[in-house]
Amino acid sequence: MTDPCHPQSGPKVLSLKQALDCILAHVAPVTGDEQILLKDCPGRVLHQNIYSPVDIPQDSQSSMDGYAFNSADLKTDGVSRLTIAGISWAGRPYTGTLKTGECVRIFTGALIPDKADSVVIQENVLTRAKAVEIPSRTRVLDNIRLRGDELRQGALVLKKGKRLGPADIGVLASLGIADIKVRRKPRVAFFSTGDELVPLDRQIQAGQIYDSNRYTLYGLLDAIGIEALDLGTVGDQDNAIAEALLEASRISDVVITSGGVSVGEADRVKPVLESIGQIEFWKIAMKPGKPLAFGQIDNAVFFGLPGNPVSVFVTFYQVVRPALLRMMGTTVGKKVLLQARCVSAITKVPGRQEFQRATLEWTEHGEATVLPAGKQQSHNLSTMAASNCFIVLPADSDGAEAGDTVEVEPIDVPFHFN
Ligand code: AMP
Ligand code: MG
C-alpha cells in the first residue's frame, strides 16, 4: 500500500489534498466517553445509537383546531349535521366514545376520540348551537397525526458519530431521553512562538507586536467544541520551545503552535520537533500557509502553523479542523462550495492552491457575486475578519478576470452545519 504521507513520485511539496489524506490516515478518534445532560450536548459527538423508546406521536392527535368525527357519518352529498358531544383539549382528552351523528370540538395536539377518524378545520364548518354543519366537499381521514407516523418504537433516530445540533437535542427531548453518551472532547494545547510577541496586559515596545494568534486559535477551537488549553507565548529559543512542546504533549491529544516553521535562523520549531518527535511533512502547496509542520510528539499529534495571522486562520480551517473533527469522532463532511461571479480581477501566480478571502453576496436577482478583499497579504487579519468566504483557486490557475465565475467556500457554514 502506498503511504499517503510519502507519495512515491511527484514533488516534495504536498498538495492540500495529499496533506489531508496523510493527516486523516494518521489521526484516530479519541477514546473515552461521558454521560451528559441534553443541555450540555450542542456540538458534542454522539457515542451511541439512539433508538426510539416509543411511537412518536404516542397517540393519534389532531393537527388542526376543528371538529373530530367519524367519516361514516358524513352524507355522500349535501351538508351533514353532527352534534357536539364534548371537547378534546391538548393535554385534556375527551374520554367518551363517539356515537353515530356526533362530533367532538378538538384543538391542535389533542387526542383523537375513540371512533373518530377525521378532523374538519373550524374555518370550514358552520356552528349551530350544539351542532356543526359540515359541507359535503369535506375531506375525510384528514388533519390527523397518526400514532407512530413520525417514528416507530425501536427505529434508529440518531447515529453514533453525529455532531449534535439544536434539532437533534429537541428530538432526544421529545423521546423523553434526558442524558446521553457522547465521546470525550479532544484536548488541544496551543502556544505561540516568537521573541517579538507580547501578551495583552503589557505595553508594546518598538519592534514588538501583540500575540493575536492565540486568540484566533482559541476562537477557531471553541467554534467546533474543543477543549482548548492556552499555554501562552514562548520565545525563539530551542530549550524553551522543547520544554513547552513536551509539556503540551503531556496534557493534550493535539499540540498546535504558531510561528517558527519557516526556514529563517529564528524559525526553531521544526529543528526542535525533529529532536523530540517526528515530522511528517512541512510544506503544502497552498497559499497562504506553505510552511506547515505535521507530526507527533509522544502520543500527541502536532501541528506547527505558520506565524502570519491569516495563515493561522486558513491553515487551521483547511488542514487542522478536518483532523480535529475526525478526532472528535464525527465524519468530515464534504465541503460546501458555490459558484459565484467575481466582481473584480484576481491576480495569481500558478503553482499553489490559493484561498483568497472575499465577501459573498447575492444580487437582488438572486445571482451570487464575490468581491475579493483587496490585498491578500497574510499579515492582514483585518481583511480576514471582514470576509465571509474564500475564493478557492486551483494550483494551476493564473487568476481571474472581473466577471469570471469562480469557486467559493463560505466560511461560516461548515462551522455550524456539519
Ligand atoms: P514566523 O512564521 O514566526 O516567521 O512569523 C511570521 C510573521 O507572523 C511575523 O511577522 C511574526 O511577527 C508574525 N507572528 C508570528 N506569531 C504571531 C502571533 N502569535 N501573533 C501575531 N503575529 C504573529
Ligand atoms: Mg517567528
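Please read these numbers as outputs of a predicted model, since none were measured by experiment.

Our next topic: the site of ligand 1. Residues in close proximity to ligand 1 total 16 residues, the closest being Glu196, Asp211, Ser212, Gly260 and Gly307. A distance of 3.4 Å is found between a nitrogen atom of ligand 1 and a side-chain nitrogen or oxygen belonging to Ser192. Between ligand 1 and the protein, one listed contact pairs an oxygen atom with a backbone N or O atom of Asn308 at 3.3 Å. Elements with a minimum of two residues in the shell around ligand 1: β13 (187-193) and β15 (209-210). The class makeup of the residues in the shell around ligand 1 is 4 nonpolar, 9 polar and 3 charged.

The next subject is the side chain of Thr193. The residue Thr193 is located in strand β13 in this model. A polar side-chain atom of Thr193 sits 3.2 Å from the main-chain carbonyl oxygen of Gly259. Apart from residues no more than four positions distant in its own chain, Thr193 is found in contact with Val234, Asp236, Ser258, Gly259, Gly260 and Val269.

Right, let's talk about unusual backbone geometry for a bit. For the peptide bond that leads from Ile56 to Pro57, omega is -5°, which places it in the cis range. With respect to the helices and strands, the residue Pro57 is situated in the loop between β2 (50-51) and β3 (61-62). Phi is positive for Lys115, close to 80°, though the residue is something other than glycine. Of note, Lys115 is situated in the loop between β6 (102-106) and β7 (118-121). One non-glycine residue, Leu141, lies in the positive phi region at around 55°. Topologically, Leu141 is positioned in the loop between β9 (131-134) and β10 (144-145).

Our next topic: the nonpolar core. Among the nonpolar cores identified, the biggest contains 45 residues, and Ile256, Phe281, Phe303, Leu305, Phe316, Leu324 and Phe390 are the most heavily contacted of them. Mapped by element, the contributors of at least two residues to this core are α1 (16-26), β13, α3 (213-223), β17 (254-258), β20 (291-297), β21 (300-305), α6 (309-328) and β26 (389-393). Residue contributions to this core peak at 13 residues, all from α6. Taken domain by domain, the makeup of this core includes at least three residues from each of domain 3 (184-328) and domain 4 (338-410). Setting aside residues no more than four positions away along its own chain, Ile256 makes contact with Val188, Ala189, Phe190, Phe191, Leu217, Leu221, Phe303, Leu305, Phe316 and Val320. Within the second largest apolar cluster, 17 residues are counted, among which are Ile241, Leu245, Ala248 and Val255.

Let us look at the environment of Val45. The residue Val45 is located in the loop between β1 (33-37) and β2 in this model. Of the residues examined, Val45 reaches a relative accessible area of 3% and is grouped as buried. Sequence-wise, Val45 and Ser311 are 266 residues apart; in three dimensions their C-alpha atoms are separated by 28 Å. The residues touching Val45, leaving out its near neighbours within four places in the chain, are Gly161, Lys162, Arg163, Val182, Arg183, Met328, Gly329 and Thr330.

When we look at a pair of aromatic rings, we describe it by the centre distance and by the angle of the planes. According to the stated counting rule, one finds 6 aromatic pairs in the structure shown. Ring centres of Phe294 and Phe303 lie 5.3 Å apart, and the angle between their planes is 35°; this geometry places the pair in the tilted category. You'll find Phe294 and Phe303 in the same group, each marked buried. With centroids separated by 6.2 Å and ring planes inclined at 15°, the aromatic side chains of Phe313 and Tyr317 adopt a geometry described as stacked. One end of the pair, Phe313, and the other, Tyr317, are both in helix α6, 4 residues apart, so they sit about a helical turn from each other. This pair shows no difference in class: Phe313 is buried, exactly as Tyr317 is. Members of the aromatic cluster, joined through ring pairs, are Phe313, Tyr317, Phe355 and Phe390.

A cluster of acidic residues, Asp396, Asp398, Glu401 and Asp404, forms a negative patch at the surface. With respect to the helices, strands and loops of the structure, Asp398 is situated in the loop between β26 and β27 (399-400). Exposure remark for Asp398: the relative accessible area of 59% places this residue in the exposed category.

Below, the discussion takes up the sheet that holds strand β4 (residues 66-69). Within the open sheet, the 6 strands sit side by side as β7-β4-β6-β5-β9-β8. Their pairing is mixed. Each edge of the sheet is formed by a strand with only one pairing partner; in this case those strands are β7 and β8 (126-128). If you compare each strand with its neighbour and ignore which way they point, the axes differ by 40° on average. Pairing of β4 with β7 involves 4 bridges; the strand directions are antiparallel. The partner of Gly66 across the bridge, within β7, is Ile121.

Time to look at the packing of α1 against α6. The interhelical angle for the contact between α1 and α6, taken along N-to-C directions, is 25°, at an axis separation of 10 Å. For the element pair α1 / α6, the angle class is roughly parallel. The two elements α1 and α6 cross, and the hand of that crossing is right-handed. The residues of α6 that touch α1, namely those facing Leu16, Leu20, Ile23 and Leu24, are Gln318, Val319, Pro322, Ala323 and Arg326.

Turning next to the environment of Ala19. Inspection of the secondary structure assignment puts Ala19 in helix α1. The spacing of Ala19 and Ile256 is 237 residues in sequence and 16 Å in space, taken between C-alpha atoms. Residue contacts for Ala19: discarding those within four places in its chain leaves Leu14, Phe281 and Ile284.

For the coordinates displayed, the defined rule picks out 17 salt bridges. Here Glu133 and Arg128 are joined by a salt bridge, their closest N and O atoms 3.3 Å apart. For Glu133, a relative accessible area of 18% translates into the label buried. Note that Lys335 is salt-bridged to Glu409, the shortest N-O span being 3.2 Å. Residue Lys335 is found in the loop between α6 and β22 (338-342), and its partner Glu409 is found in strand β28 (residues 405-410); the two are separated by 74 residues along the sequence. Several salt bridges converge on common partners, so that one network encompasses Asp55, Arg147 and Arg152.

Definitions and limits used
- Residues numbered from 1 in each chain as written.
- Chains lettered and ligands numbered in written order.
- Predicted model: local features only at pLDDT ≥ 70, side-chain atom pairs only at ≥ 80, totals over all residues.
- Heavy atoms only, no water.
- Near = heavy atom within 4 Å.
- Polar contact = N/O pair within 3.5 Å; in protein donor to acceptor, adjacent residues only side chain to side chain.
- Helix = DSSP H or I, 4+ residues; strand = E, 2+ residues; numbered from the N terminus.
- Nonpolar A, V, L, I, M, F, W, Y, C, P; charged D, E, K, R; others polar.
- Contact = heavy atoms within 4.5 Å.
- Core = buried A, V, L, I, M, F, W, Y, C linked by side-chain atoms within 4.5 Å.
- Buried < 20%, exposed > 50% of the residue type's maximum accessible area, 1.4 Å probe, protein only.
- Domains from an automatic or database assignment.
- Phe/Tyr/Trp six-rings, centres within 6.5 Å; stacked < 30°, edge-to-face > 60°.
- Patch = residues over 30% accessible without salt bridge, like charges linked within 9 Å, V, L, I, M, F, W, Y side chains within 5 Å.
- Areas by Shrake-Rupley, 256 points an atom, 1.4 Å probe, with all protein chains shown as cover.
- Salt bridge = Lys/Arg side-chain N within 4 Å of Asp/Glu carboxyl O.
- Lys, Arg positive; Asp, Glu negative; His and termini not counted.
- Charge placed at Lys NZ, Arg CZ, Asp CG, Glu CD.
- Pairing = 2+ DSSP bridges.
- Axes fitted to C-alpha atoms, helices over the stretch in contact; angles between N-to-C directions.
- Parallel < 35°, antiparallel > 145°, perpendicular 65-115°, else oblique.
- Left-handed = near helix turned anticlockwise from the far one by under 90°.

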